[in-house]
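One-letter residues, chain by chain:
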Amino acid sequence: MITLGIETSCDETAVAILRDRDEILANTIYSQVDLHARYGGVVPELASRDHLKKLPYLVEEALGKAKVSWKEIELVGVTYGPGLIGPLVVGVSYAKGLSVALDVPFVGVHHLAAHLFAHRLAYPNVPPPFLGLIVSGGHTELVVVKDWDDFRVIGTTRDDAAGEALDKLGRLVGLGYPAGPTIDSLAREGDAKAIPFPRPMLGEGFDTSFAGLKTAAVRWLKDHPHPDLKDLCASYLEAIADVLVDKAIRAARIYELERIVVVGGVAANSRLREVFPDLAAERGMKVFFPPPELCTDNAVMVAACAYYRFAERGHCDPLFLSPEANLPLDGWGAGEMDIGAQGQQ
Ligand code: KG4
Ligand code: ZN
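Chains are numbered independently. Their residues run from 1 in the order of the written sequence. Numbering of ligands from 1 and lettering of chains from A proceed in the order in which they are written. In keeping with the predicted nature of the model, local features appear solely for residues at pLDDT of at least 70, side-chain atom pairs appear and are counted solely at 80 or more, and the whole-chain, interface and lining totals rest on all residues. In computing side-chain values, all of the structure's heavy atoms are included and hydrogens and water are not.

**Student:** Talk me through the packing of helix 8 (residues 229-254) against helix 9 (residues 270-281); I want residue IDs and the actual numbers.
**Tutor:** Here helix 8 crosses helix 9 at 35°, and the two axes come no closer than 10 Å. When you trace helix 8 past helix 9, the crossing you get is right-handed. Of the residues in helix 9, those touching helix 8 at Leu237, Glu238, Ala241, Leu244, Val245, Ala248 and Ile249 are Arg271, Leu272, Val275, Phe276, Leu279 and Ala280. Residues are grouped as follows: Ala, Val, Leu, Ile, Met, Phe, Trp, Tyr, Cys and Pro are nonpolar; Asp, Glu, Lys and Arg are charged; every other residue, Gly included, is polar. Partitioned by chemical class, the residues of the contact of helix 8 with helix 9 number eleven nonpolar, no polar and two charged. Axes, fitted as lines to C-alpha atoms, cover a helix only where it is in contact. Angles between the N-to-C directions of the axes lie from 0 to 180 degrees. Secondary structure elements are defined from DSSP: runs of H or I of at least 4 residues count as helices, runs of E of at least 2 residues count as strands, and each element is numbered from the N terminus. By convention the crossing between two helices is left-handed if the near helix lies anticlockwise of the far one by an angle smaller than a right angle, and right-handed if it lies clockwise. Contacts: residue pairs with any heavy atoms within 4.5 Å of one another.

Laid out in structure tokens, this is it:
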């Protein structure tokens with residue numbers, strides 16, 4: 001079965017073609033970072049317009065790479081939330097149009113569920129249950145994943161997400177946007193113990209809050225106007241990593257889960273990938289990270305989730321499915337099999 005996946009929830013226009021469960025035929029991504037760089041963050045209206053401009057070309061490019069013709073597409077999957085509403089409308093409208101034009105089913109996908117499906121692509125033989133840690137630009141979520149359609153959110157971000165905290169540090173010291181990858185490489189050569197940054201909410205529940213960490217960095221920078229960027233990045237990143245690792249391991253222990261799955265853009269971070277497995281192993285747990293290219297936003301994970309919902313759960317969505325900027329993950333996708341099929345007709 002050939003699935004075409006579309007992702008436009010933020011500042012990446014992505015299209016993928018997947019054969020069956022996990023054979024990636026094409027994974028095309030156009031990043032808008034240059035467009036938004038001078039504003040220090042994503043400008044929603046500019047993002048929408050750019051998705052609209054690039055999406056049709058990306059679909060053609062993906063078909064070319066995959067050597068698949070329009071007629072061979074059997075399913076269209078698209079992210080319909082959460083995300084920026086304008087960009088979501090572009091992707092969802094295009095996907096609906098394609099579904100009608102090709103006369104194939106249409107499946108709406110939750111962006112954070114899709115991030116978790118990156119694990120299914122990378123480790124097809126390591127199924128749920130597991131504890132999911134989703135760390136991206138807008139989210140820090142701890143999720144008990146009992147099955148691929150059974151998501152229970154046990155911890156969320158109270159203010160700034162982990163990626164947002166990194167991007168904000170980047171803005172403070174002029175590292176460009178998004179700053180995560182630059183902080184990652186600078187930190188590798190720095191001393192993580194150089195600056196004693198706070199570990200917000202360490203040991204307290206499963207929610208996270210990184211706004212205070214950014215404030216601590218602002219204060220520290222006032223006293224140290226010419227910082228050693230390597231030490232600064234290493235110390236700041238270490239504070240975030242300590243909190244994430246502590247919460248995930250505690251949650252896995254309490255919910256009696258032996259596996260932790262880390263996904264989302266920040267899961268590409270080399271420090272997190274280095275320290276997490278050993279700390280978890282000390283407690284008899286195993287940690288899984290998808291390859292970095294499947295951690296950051298992409299459409300393969302969207303196609304994989306759509307394939308699961310259609311081919312393995314018998315679900316498709318009606319064409320009146322609307323994009324939802326704040327679509328909740330808790331309970332998403334459970335107990336709604338087959339209702340969409342009527343809406344398609
Ligand atoms: O999942 P993602 O691509 O998009 C969202 O859904 O938000 O995550 C983007 C976030 C950004 O904050 C970016 O700075 C961060 O992931 N990021 C990283 C790395 N690569 C991307 N953070 C730390 N280390 C990295 N290597
Ligand atoms: Zn994402």
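**Student:** Residue-level account of the site of ligand 1, with values.
**Tutor:** Taken together, the neighbourhood of ligand 1 is formed by 19 residues, with Gly137, Asp167, Asp184, Gly265 and Asp297 sitting nearest. Identification of polar contacts relies on pairs of N or O atoms within 3.5 Å, with a donor-acceptor requirement for protein atoms, meaning one able to donate a hydrogen and the other able to accept it, and with residues adjacent in sequence counted only if both atoms are side-chain atoms. At 3.2 Å, a side-chain N or O of His115 approaches an oxygen atom of ligand 1. One of the backbone nitrogen or oxygen atoms of Asp297 is found 3.0 Å away from an oxygen atom of ligand 1. Only the protein chains shown count as covering a residue, and every accessible area follows the Shrake-Rupley method with a 1.4 Å probe. About the coverage of ligand 1: the protein hides 89% of its 550 Å² of free accessible area. When we say a residue is near a molecule or strand, we mean one of its heavy atoms is within 4 Å of it.

**Student:** If you had to explain the coordination of the zinc ion (ligand 2) to someone new, which residues and values would you point to?
**Tutor:** When a metal holds four donors in a tetrahedron, each ideal angle between them is 109.5 degrees; when it holds six in an octahedron, the ideal angles are 90 or 180 degrees. The donor set covers N, O and S atoms within 2.8 Å of the metal, switching to 3.2 Å for Na, K and Ca, and it leaves out water, so a site may look short of donors. Protein coordination at the zinc ion (ligand 2): the donors are His111 (NE2), His115 (NE2) and Asp297 (OD), at 2.1 Å from the metal. Within one chain, the residues donating to the zinc ion (ligand 2) are spaced in sequence as H-x3-H-x181-D. You can see His111 sitting in helix 4 (residues 111-122) and its partner Asp297 sitting in the loop between helix 10 (292-295) and helix 11 (300-312), a full 186 residues away along the chain. Residue His111 shares its accessibility class with Asp297, and that shared class is buried. Working definition: with a 1.4 Å probe on protein chains only, accessible area under 20% of the residue-type maximum means buried, over 50% means exposed, and in between means partly exposed.

**Student:** Provide a residue-level description of the sheet that holds strand 10 (residues 286-288), including the pertinent values.
**Tutor:** Here a strand pair is declared whenever DSSP counts at least two bridges between the two strands. Strand order in the open sheet formed by five strands is 8-7-6-9-10, with mixed pairing between adjacent strands. The sheet is open, and its two borders are formed by strand 8 (150-155) and strand 10, each paired with just one other strand. For this sheet the average axis-to-axis angle between neighbouring strands, irrespective of direction, equals 25°. On top of the sheet, helix 8 reaches strand 6 (130-135), strand 7 (140-147), strand 8 and strand 9 (259-263); it is set at about 155° to strand 6, its chief contact.

**Student:** Summarise the pairing of strand 3 (residues 23-31); cite the residues concerned and give the values.
**Tutor:** Pairing of strand 2 (residues 12-19) with strand 3 involves eight bridges; the strand directions are antiparallel. Bridge pairing in strand 3 links Leu18 to Ile24. In sequence, strand 2 turns back onto strand 3 through a hairpin of three residues, with Asp20 there showing a positive phi of about 55°.

**Student:** Could you give an account of the nonpolar core, with specific residues and numbers?
**Tutor:** One finds Leu4, Ile17, Leu116 and Phe151 to be the most contacted residues of the largest nonpolar core, which totals 62 residues. In terms of residues, this core owes the most to one element, helix 11, which gives eight residues. Shared between two domains, this core holds at least three residues of each, these being domain 1 (2-115 + 296-343) and domain 2 (128-289). Setting aside chain neighbours within four positions, we find Leu4 in contact with Val15, Ala16, Ile17, Val59, Ile73, Leu75, Val76, Gly77 and Leu98. Here, the term nonpolar core denotes a set of buried Ala, Val, Leu, Ile, Met, Phe, Trp, Tyr and Cys residues that are joined through side-chain atoms within 4.5 Å. What marks off one domain from the next here is an automatic or database domain assignment.

**Student:** I'd love a proper account of the layout of surface pockets, names of residues and values included.
**Tutor:** The rule is simple: put a 1 Å grid over the protein atoms alone, call a set of points where a 1.4 Å probe fits but cannot get out a cavity, call an open set with protein on both sides within 12 Å along at least five of seven lines a pocket, and count a residue as lining if it has an atom within 4 Å of a point. Grid points are joined across faces, edges and corners, and a volume is the space filled by probe spheres set on the points. Taken as a whole, the largest pocket holds about 1,200 Å³ of empty space. Forming the boundary of the largest pocket are 45 residues, of which Cys10, Ser136, Gly137, Gly138 and Tyr177 lie nearest the centre. Of all the secondary structure elements, the ones that give two or more residues to the lining of the largest pocket are helix 4, helix 5 (162-173) and helix 6 (180-187). Its residues assigned to classes, the lining of the largest pocket shows 17 nonpolar, 19 polar and nine charged. No fewer than three residues from each of domain 1 (2-115 + 296-343) and domain 2 (128-289) sit in the lining of the largest pocket.

**Student:** So what's going on with helix 5? Which residues, and what values?
**Tutor:** In a regular helix each residue adds 1.5 Å, so twelve residues correspond to 16 Å; helix 5 covers 17 Å between its end C-alpha atoms and thus fits that length. Residues of helix 5 that are buried: Ala162, Gly163, Ala165, Leu166, Asp167, Leu169, Gly170 and Val173. On its buried face, helix 5 is in contact with strand 6, strand 7, helix 6, helix 7 (211-223) and helix 8. Just past helix 5, the residue Gly174 takes up positive phi, approximately 70°. For a helix, the expected span equals 1.5 Å multiplied by the number of residues minus one.

**Student:** Outline the domain arrangement of the chain, listing residues and values.
**Tutor:** The assigned domain composition of the chain is domain 1 (2-115 + 296-343) and domain 2 (128-289). Here domain 1 and domain 2 have C-alpha centroids that lie 27 Å from each other. Contact with domain 1, which involves 19 residues of that partner, is made by 16 residues of domain 2. Basic side-chain nitrogens of Lys or Arg form a salt bridge, by our definition, when they fall within 4 Å of a carboxyl oxygen of Asp or Glu. Scanning the region where domain 1 abuts domain 2 turns up one salt bridge. Among the salt bridges present, the one from Arg313 reaches Asp149, with a minimum N-O distance of 3.0 Å. Across the contact surface, domain 1 and domain 2 share three residue pairs in polar contact (both at pLDDT 80 or more). Counting residues per element, the side of domain 1 that touches domain 2 draws most heavily on helix 4, at three residues. Looking at side-chain class alone, the side of domain 1 that touches domain 2 contains ten nonpolar, six polar and three charged residues.

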